[in-house]
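# Geometric and topological summary
Below are the chains, spelled out letter by letter.
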Amino acid sequence: MTFIAVVVLLVSLIVLTTNSSRAEETKTTQPAREMHALWSHPPDVGKTAESVREFVAKCKRANIDTIVMLIKGMAGEIYWKSKKFPQAIAKGYESFDVLEHLVREAHAQGIKVDAWLVDFAEGERGAAFREHPEWAMLNPDGTTTASESLGVAKRHYGYVWMCPARRPGYTDQWLLPMIEEIATNYAVDSIHHDYVRYPGDVAPDSYCFCDYCLKHIPRYAMLSYETGTQERFKVKHSQERIEANWSDVTMLPPDWQQRDRREMADYILNGHTIPGGPPDMRYYFYDYRAHQIDTFVREAHERIKKINPRIGISAAIFKNPIQSSRFIGQRWHEWSRWVDVYMPMTYRSFFVGDMQAYEDHLAETTARQIEWTRGEKPLYAGIASTYLCREEMKPLEDLREQVGDLKNSLPTDTLGRADKARAISKGFDALRERLARFAPEQEREIALLLVPVVADDARTFTPEAIDKLVAALLRLRRDLPAGFCPPEKLTLAIEAARKAKPNGIAIFSAGNLTIEKLWPTLEAAFKR
Ligand SMILES: [Zn+2]
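Residues numbered from 1 in each chain as written. Predicted model: local features only at pLDDT ≥ 70, side-chain atom pairs only at ≥ 80, totals over all residues. Heavy atoms only, no water.

Core analysis: the largest hydrophobic core is formed by 132 residues, its most contacted members being Trp-39, Ile-182, Trp-335, Ile-383 and Ile-507. Residues Leu-399, Ile-424, Leu-450 and Ala-472 belong to the second largest nonpolar core, which totals 29 residues. (Core = buried A, V, L, I, M, F, W, Y, C linked by side-chain atoms within 4.5 Å. Buried < 20%, exposed > 50% of the residue type's maximum accessible area, 1.4 Å probe, protein only.)

Given below as C-alpha cells:
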C-alpha cells in the first residue's frame, strides 16, 4: 500500500466514524417518546359498552398508551368469556366480556391493552385448587400457603400458591392453556405477567416442598447419580480448603428415600454440599426456583408467539432482580428473550424513609434496573399512587384499625376498652386537621359519630353507634376528598423516575387515582 493510499484510507475511515457518530448523536438528541401504562381493574371500566368507552376516554385524556387490565385475579377468578375454564369466570361477568369490549374501544383510540394475569396465586375457594388440590405448593409441614398468616396481627392469608414446577400440574394444565386461549381469541397487545414468582411476603423460604419438588430439587442440581442410587463415593480431600473438594455428586445422604418431608426440606435448606463445609445446600433450592419461573416465562413466550407473533409480553416484577432471585425465584433481569416490556413495581411501599428518600431511591433503583437488564428491553418505572401519601393516609388507617379493635373487643374487658377509647380519641386528633381542611363536613360528621362510641371509657356504646362510625370511615377511605392525598407527590415521583430516563412510566392504579382524585395530576404530568 502506498503512502497516499494509506492517507486516503485513514481519511475515509475518519469520515465514516464521524458520520456514524453524528447519526448516533441525532438519535440521542431525539429521544423516543416516554410511554405511559396504567394498571386497571374490571370495576374501573364498568359493565356496559358506554362505561368502557368513558374509561378509555379518561385514559386518552391522560395520555395513557397501554391499559394493563386485570383479567385473572388473586382468587383465581377470570374476566373473559372462557370456553375452557367457564368454572373460573368471576361472578357477574358471565355475560359481559370486559376484555373484548375494552380491546375494541381502546384500539379505536389508539391505546394498547395488556391482559394482566396473576400467575401463580389462586383462591382457597378458587376453581383450580378445588379441582386440583394436588397442584398447590406445600411447605415442610405439607400444608399450603393458605395455612400462613399475614403481619404481626396474624391475619388469615387465604391464597393458595400453585407449584410452578410440577408437571403435569397448574402451569401446563391451567395457566398456560389460559394464556393460549386469550392469545387465540382476543386482539390483546400483550400478555402481562404478575405474581410470576414464589410467595415472598408470607414465607419466602418455605415453598415448594411438594412431592414433585422434593424429587426434582436434588435431580436439578444432580446431587446424586440415578444409576446406582444407593451407592455413595467418598471424596478424598486433596485440596487444602474444604470447599475446594467439591467434585463428587453423591451429596444426598444414603437414607434419603426413608426421610419424611420435613427432614428432606431441612436437608435442602440447611445441609452442607461438602461434609464439614459451609451450610450451602439451599443455594440449589434458590436456583431451582428461579429456574422454574424462568421455564414458565419461556414457555409462555413460546406458546404466545406460536399463536400470534404480534402479541407481546410484559411483566410486573419486584424492584431488585438479584434479591428477588433469592427470595421469590424471580430472576427477571435475564428475561429479555421472553419479555418485551419490563414494568418493575418500584413502589414506595418497598422502601423505608420519607418522600425525599423515596424520590432518591426511585431514581437510583430505576437506573440500576436499566443497568441490570443492559437496556435490552424497554423498562417502565412502576409507581403506585396510594403509597405516595403514606404520611397522610396513616392517621386514617390507624383510626380505622383502632375502631375495628374496639368493635371486636369484649364488653367485659373494661380496662382494654378504656385504653382503646383513648387511642381512638388520640387517633382522630391526628387526622382531623387535614380532614377539616379538605372535607370539613366529613370531619364534623365523624367527630359527632365518635362521641357516643368513646364516651364513658367506651363502656356504653351500642353496636349501631360503632357500625355507623366504621361505615363513615370506610366511605371516607373509598372516596377521599380532593387534596387529601397531596397531588404534588405524584408529580414528584414521576419526575424522580424520569431522572433515570426509563422508556416509560407505569402507574398503579386507575381505581386508586379515582379514589385519590389524582386523574388531573396524572393528565398534567403526562401532557405531551
Ligand atoms: Zn412443588
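Here the focus is the coordination of the zinc ion. Those donors, Cys-163 (SG), Cys-208 (SG), Cys-210 (SG) and Cys-213 (SG), are the protein atoms that reach the zinc ion, and they lie 2.2 to 2.3 Å from it. Considering all four donor atoms around the zinc ion, the spread of angles at the metal, 101 to 116°, places the coordination shape in the tetrahedral class. Cys-208 gets classed as buried once you look at its relative accessible area, which sits at 2%. (Donors = N, O, S within 2.8 Å, 3.2 Å for Na, K, Ca; no water. Tetrahedral: all angles 85-135°; square planar, octahedral: opposite > 155°, others 65-115°.)

Here we come to the sheet that holds strand β10 (residues 341–344). The strand order across the open sheet formed by eight strands is β10-β9-β8-β3-β2-β1-β12-β11, and the pairing between neighbours is parallel. Sheet topology places β10 and β11 (380–384) at the edges, where each strand pairs with a single neighbour. Neighbouring strand axes in the sheet, compared pairwise and without regard to direction, differ in orientation by 25° on average. Where strand β9 (residues 312–317) lies against β10, four bridges are found, and the strand directions are parallel. The partner of Ala-316 across the bridge, within β10, is Met-343. (Pairing = 2+ DSSP bridges. Helix = DSSP H or I, 4+ residues; strand = E, 2+ residues; numbered from the N terminus. Axes fitted to C-alpha atoms, helices over the stretch in contact; angles between N-to-C directions.)

Moving on: the packing of aromatic side chains. All chains considered together, the criterion is met by 23 aromatic pairs. Note on Trp-135 and Trp-174: the rings are 6.1 Å apart at their centroids and 70° apart in plane angle, and the pair reads as edge-to-face. Of the two residues, Trp-135 sits in the loop between α5 (127–131) and β5 (149–150) while Trp-174 sits in helix α6 (residues 170–185), which places them 39 residues apart along the sequence. Neither Trp-135 nor Trp-174 differs from the other in exposure class; each is buried. Over the ring of Phe-327 we find Arg-326; its NZ or CZ atom is 3.9 Å from the centre of that ring. (Phe/Tyr/Trp six-rings, centres within 6.5 Å; stacked < 30°, edge-to-face > 60°. Lys NZ or Arg CZ within 6 Å of the ring centre and 35° of its normal.)

A word on helix α11 (residues 355–372). With 18 residues, α11 should cover 26 Å at 1.5 Å per step; its first-to-last C-alpha distance of 25 Å lies within 8% of that length. Taken together, the buried positions of α11 are occupied by Met-355, Ala-357, Tyr-358, Glu-359, Leu-362, Ala-363, Thr-365, Thr-366, Gln-369 and Trp-372. (Expected span 1.5 Å × (residues − 1).)

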